[in-house]
Amino acid sequence: MPHNVILETLRKSNAPITPVVKETLSAAEALLRSRHLSGASGREICTSYTELIDNLLKALFLFKSEELGCDDAVALVALGGYGRGELNVRSDIDLMLLHKGRITKGIEELTQQLLYILWDTGLDLGFSIRSVAESIQLAKDDLKTMTALLDLRFIFGDRALYDSLHKNIRKNLFSTSGTQTFINDKLEETRQRHARFGGSVYILEPNVKEGEGGLRDLHTAMWALKAKDGKTFEPFSLGLISASGRKALEASLDFLLWVRNELHFFAGRKADQLTFDNQERIAGLLGFQNTEKSLAVEAFMQRYYRHASNLNYYSNLITSRALHRDTKKSLWPGKKVRVDKNFHITDGVLSARSRSTVKDDPVAAMKAFEYSQAFEVEIDQATKDQILEHMESVDESFRNSRDASDSFFKILRGKSVYKTLAEMGRLRFLDSYIPEFEEISCKVQHDMYHVYTVDAHTLFAVREIERLRGVYKADFSLLSNLFEEMPNPEILYLSVLFHDIGKAHGKGHAEKGAAMVPQICRRLHLAEDDTNLVRFVVKHHLLLANTAQYRDLHDDKLIIEFAKTVGDIERLNLLYLLTFADVRAVGPDVWSQWKGALFQELYFKALTVLERGTFEAEEAGVKLKRIKDRVTALLKPDGVDGHTVDDYFDLLPMRYFFSNSPDHIAGHIKVLRDFGNGPYIMKVRQDTFREYTEIIICTHDLHGLFSMITGVMAANGVNILGAQINTLKNGVALDILQVNSSTGEHITEEAKLKKIETDLAEVIAGKVMVDTLVKKRKQPSILDARARPGVRTTVQIDNEVSDAYTVLDIHTHNRIGLLYDITSTLSSLGLYIYIAKISTKGDEAADIFYVKDIFGQKIFYKEKLNEAADAIYNILAGQKPGKDK
């Protein structure tokens, strides 16, 4: 609506002015919302909204000036995003009233009345009133003000006054030295901003404006250019990026502006974080649908991350090219050194010998990365530009080139593999060379466990492997030695690079990825045996982690079957190394010493089987006698005789003795001695290597005891990692729990341990109902209401993995009291838990229980199995399991 139309409306209205302005604004925003949902681009809506605010301000300015009789020389000036003409709906409106040096009564009254009206409309207004001199002086002392002045734009009033400010900005603020200081400050501000908002383009709930890959990245590039050149221009018309780059940047800017507009429209205010609930809602608005390959929200977020990555990439590229186009690179003085016919190194920078090097010899693109890594130098911008141009014409002949693959393998055998591959990724080279990798680029998994996109996670896994040569040597010496002794590290790196490529094709990604490996390896000219090795590792890359975390590692049959699947020690070493890297690269808090200890235990047990050369269990009688002799020797100094040990070995099944070390068995015998015939005893041991607290509870057995224990632990904020539930033939229960605090640390506070013991004693004695304790702990939190990705509840029953137990495999949303709810349900069904393994992945809990019936047998009856699955599912999901069971 033109400003003169708005002005006439205000003049003719007999009603108070504020409601008229509100109604005008509301009607215009409704039209913009309709256009937005009908396909108008982000930039179109921003431009229209900027014009709307311009016209509204002009009309108000004229109307109030006439009403008050104010004719002072002033100028209304837009700043920030409003000044750039890139005003998102309901975003901040930065406005300045520029005067000639003195605030008259007329200016003061005009300003007050304008502000009262604008504030009453609900607009988020940032307002200042300054002279030219005041603006310049404040900018010298304040980086934010200095930045805002780069985006100033004339709206209405005294044009000559505005022009005076514009000229003084260049003259007084952006001299040669001042410009460089400003740019350095903005680049440092960007670094801090990125760190503050997650440090990655690919965080779970990105900030569309301030996060890495957000709109502010492009703003920063434009500020640097404006400060340097003193011009106002479009970022797409500088000759700094190619035509295809310009098109990609325009599309990405449009997309992010559209998303930000939608966030603001929906919230009715500024709201820049793309939260989980908004992700799902916007995916629907844009027409994304669930498919076999991915959820609608995952497809939307993949598009978002690609656009955010593009914007971040081109913003950095524009800045780098603009700031260095007039200068020569000089990291340190030195001579020009010839590397080969295509490259030389000058002053510590790798440069192509001509502008057509990569065009004339495409393999030179790969060689550039090889030499950069080998000589520890950066590739200059001109050579990077050649590589970028080459990416548009990469074909199968290049991907099948023996020379290119030889160079690629040299990179994988060298140092700084992660840095080199990451640079290849930034320049889109890795995606072009291995198009299967492009399919997982920016691929997101909509849950709280996978913090990074699939491609970012993959490269971080490469970094975790590489760190075994350096910073991890002391903490992970076994893994470090395995990696150092590996004759062909490129096999491991290829396995890491390809382990998740199947995720582009939906469920069963390990098998789908393995099926893709042979074709890739043929292009890379990898030997058949090595190809089969990579294919095996990709297919089974989840095997070690899943077995260690979710199965009983004291079951000889399980270990032998695992070793059979692995087949040989080379494969075992590769799986162990990849598992380590894969888990550590998921997110900052996913790895724990507890998991590491489980992986190591399985590795050593499988290694023993493979070294033995036979897939048969050691003779049980011989093994048991060796354990008993060791326990007897350990207890002799404490006055415990051999008869006591013999009696103890008669009270428990053989499996218990194979599941615990002689040291721990000796400790348990002491606990039983101290228990005597009392009501209960609780002992605590700190395992500093595995970083957990062990709690041993000895009492007279009663039905549902383990459920009571889990309830007490839940009520006290204790996480159970695992448990062995042992019942001696004399009716005494010996339950061994591995636990930690809610923050993943040892439980060492005496008051907390005393509270656990007191609660346990009262529950066992029947003085307190465990339900009461758990309900107190389950008080709702404001954090519970925050939208999060859903977790699918599944209850699976496995009667094959163990000869002695029925195994319940339960996956569901994690919450306080979950373990208590499950164990109490199992108790009510007459099922006895012997082993529990507890794991969490973000908001998902994976709880595994080895159970028997009241007669000490596996559960074979289908009706009983279905009853158990239904009961557990109902308590977790409140509905019949159906296909999820």
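Residues numbered from 1 in each chain as written. Predicted model: local features only at pLDDT ≥ 70, side-chain atom pairs only at ≥ 80, totals over all residues. Heavy atoms only, no water.

## Overview of the sheet that holds strand S2 (residues 93–99)
And step 1. Ordered in space as S3-S2-S1-S4, the four strands form an open sheet in which the pairing is mixed. Looking at strand neighbours, the two that pair on one side only are strand S3 (125–131) and strand S4 (153–157), the edges of this open sheet. Between one strand and the next, the sheet's axes are offset by a mean angle of 25 degrees, whatever the strand orientation.
And step 2. Inspection of the sheet shows strand S1 (residues 74–79) paired to S2 by six bridges, in the antiparallel sense. Looking at the pairing, Val74 lines up with His99 of S2.
And step 3. Its contacts with the sheet place helix H3 (residues 42–68) against S1, S2 and S4, and it is angled at close to 30 degrees to S4.
And step 4. Against the sheet, helix H6 (residues 132–141) makes contact with S2 and S3, and its axis sits at roughly 115 degrees relative to S3, the strand it touches most. (Pairing = 2+ DSSP bridges. Helix = DSSP H or I, 4+ residues; strand = E, 2+ residues; numbered from the N terminus. Axes fitted to C-alpha atoms, helices over the stretch in contact; angles between N-to-C directions. Contact = heavy atoms within 4.5 Å.)

## A word on the confidence of the model for the protein chain
And step 1. Put simply, the protein chain has an average pLDDT of 90, and 95% of its residues get 70 or more.
And step 2. Every residue in residues 327–333 scores below 50 in pLDDT, and together they form twelve contacts with partners more than four places removed in sequence or on other chains.
And step 3. Note that pLDDT drops below 50 for residues 781–785; the model gives that stretch one contact with residues more than four away or on any other chain. (pLDDT = per-residue confidence, 0-100.)

## Overview of the side chain of Gln302
And step 1. Within the secondary structure layout, Gln302 lies in helix H13 (residues 296–324).
And step 2. Those residues in contact with Gln302 that lie beyond four places of it in its chain are Glu439, Ser441, Cys442, Lys443 and Val444.

## Considering the packing of helix H27 (residues 543–550) against helix H28 (residues 556–566)
And step 1. Between H27 and H28, whose axes approach to 12 Å, the crossing angle comes to 175 degrees. Here H28 runs roughly antiparallel to H27, going by the angle between their axes. Between H27 and H28, the contacting residues are Leu543, Leu544 and Thr547 on the first element and Leu558, Phe562, Thr565 and Val566 on the second.
And step 2. For the contact of H27 with H28, the class distribution of residues is five nonpolar, two polar and no charged. (Parallel < 35°, antiparallel > 145°, perpendicular 65-115°, else oblique. Nonpolar A, V, L, I, M, F, W, Y, C, P; charged D, E, K, R; others polar.)

## Digging into helix H29 (residues 569–584)
And step 1. Under the 1.5 Å per step criterion, the end-to-end length of H29 is 23 Å for 16 residues, consistent within 8% with the ideal 22 Å.
And step 2. For H29, a buried count of twelve out of 16 residues is recorded, marking the element as mostly surrounded by other parts of the structure.
And step 3. For H29, the complete set of buried residues consists of Leu572, Asn573, Leu574, Leu575, Tyr576, Leu577, Leu578, Thr579, Phe580, Ala581, Asp582 and Val583.
And step 4. Two to three positions downstream of the cap, the backbone nitrogen of Glu570 sits 3.2 Å from a side-chain oxygen, assigning the N-cap of H29 to Asp568. (Expected span 1.5 Å × (residues − 1). Buried < 20%, exposed > 50% of the residue type's maximum accessible area, 1.4 Å probe, protein only. Polar contact = N/O pair within 3.5 Å; in protein donor to acceptor, adjacent residues only side chain to side chain.)

## Some remarks on the packing of helix H19 (residues 417–426) against helix H22 (residues 454–466)
And step 1. The N-to-C vectors of H19 and H22 enclose an angle of 165 degrees; their axes lie 8 Å apart at closest approach. Between H19 and H22, the angle falls in the class roughly antiparallel. Here the hand of the crossing between H19 and H22 comes out right-handed. When H19 is examined against H22, the residues Val417, Tyr418, Leu421 and Ala422 are found in contact with a partner set consisting of Leu459, Phe460, Val462, Arg463 and Glu466.
And step 2. Here the residues of the contact of H19 with H22 are counted per class, giving seven nonpolar, no polar and two charged. (Left-handed = near helix turned anticlockwise from the far one by under 90°.)

## Some thoughts on the sheet that holds strand S6 (residues 343–346)
And step 1. The sheet built from four strands is open, its strands ordered S5-S6-S7-S8 with mixed pairing. Both edges of this open sheet fall to strand S5 (337–338) and strand S8 (378–379), since each of them pairs with a single strand only.
And step 2. Pairing analysis gives four bridges linking S6 to strand S7 (residues 349–352), with the strands arranged antiparallel. In the strand pairing of S7, Ile345 is matched with Leu350.

## Side note on the pairing of strand S14 (residues 806–813)
And step 1. S14 sits mainly inside the fold: seven of its eight residues count as buried.
And step 2. As judged from the five bridges shared by strand S13 (residues 794–798) and S14, these two strands associate in the antiparallel manner. Its bridge partner being in S14, Asp798 is matched across the sheet by Val807.
And step 3. Note that S14 and strand S16 (residues 844–852) share eight bridges and pair antiparallel. By the bridge assignment, Val807 is partnered in S16 with Tyr850.

## Quick word on the pattern of salt bridges
And step 1. Following the criterion strictly, the structure yields 50 salt bridges and no others.
And step 2. The partner of Asp272 in a salt bridge is Arg260, with the nearest N and O atoms 2.8 Å apart. Placement of the pair is Asp272 in the loop between helix H11 (243–267) and helix H12 (276–285) and Arg260 in helix H11, with a sequence separation of twelve residues.
And step 3. Judged by its relative accessible area of 11%, Asp272 falls in the buried class.
And step 4. Across the pair Lys625 and Asp629 runs a salt bridge whose closest N-O atoms are separated by 3.0 Å. Placement of both Lys625 and Asp629 in helix H31 (residues 620–635) is noted, with a separation of four residues, approximately one turn of the helix.
And step 5. The partly exposed category is assigned to Asp629, whose relative accessible area is 41%.
And step 6. Overlapping salt bridges, with partners in common, bring together Arg193, Lys209, Glu210, Arg216 and Asp217 in one network. (Salt bridge = Lys/Arg side-chain N within 4 Å of Asp/Glu carboxyl O.)

## As for the nonpolar core
And step 1. With 149 residues, the main nonpolar core has Phe408, Leu421, Phe429 and Phe498 as its most contacted residues.
And step 2. With residues up to four places along the chain from it excluded, the contact list for Leu421 reads Phe408, Leu412, Leu430, Leu459, Val462 and Leu497.
And step 3. Within the second largest apolar cluster, 49 residues are counted, among which are Ile725, Ile764, Ile859 and Ala869. (Core = buried A, V, L, I, M, F, W, Y, C linked by side-chain atoms within 4.5 Å.)

## Describing the packing of aromatic side chains
In this description, an aromatic ring pair is defined by two values, namely the gap between the centres and the angle between the planes.
And step 1. Taken as a whole and assessed by the stated rule, the structure comprises 34 aromatic pairs.
And step 2. Measuring from ring centre to ring centre gives 5.0 Å for Phe369 and Phe429, while their planes differ by 45 degrees; the resulting arrangement is tilted. With Phe369 in helix H15 (residues 363–374) and Phe429 in helix H20 (residues 429–433), this residue pair connects regions lying 60 residues apart in the sequence.
And step 3. Over the ring of Tyr418 we find Arg463; its NZ or CZ atom is 5.2 Å from the centre of that ring. (Phe/Tyr/Trp six-rings, centres within 6.5 Å; stacked < 30°, edge-to-face > 60°. Lys NZ or Arg CZ within 6 Å of the ring centre and 35° of its normal.)

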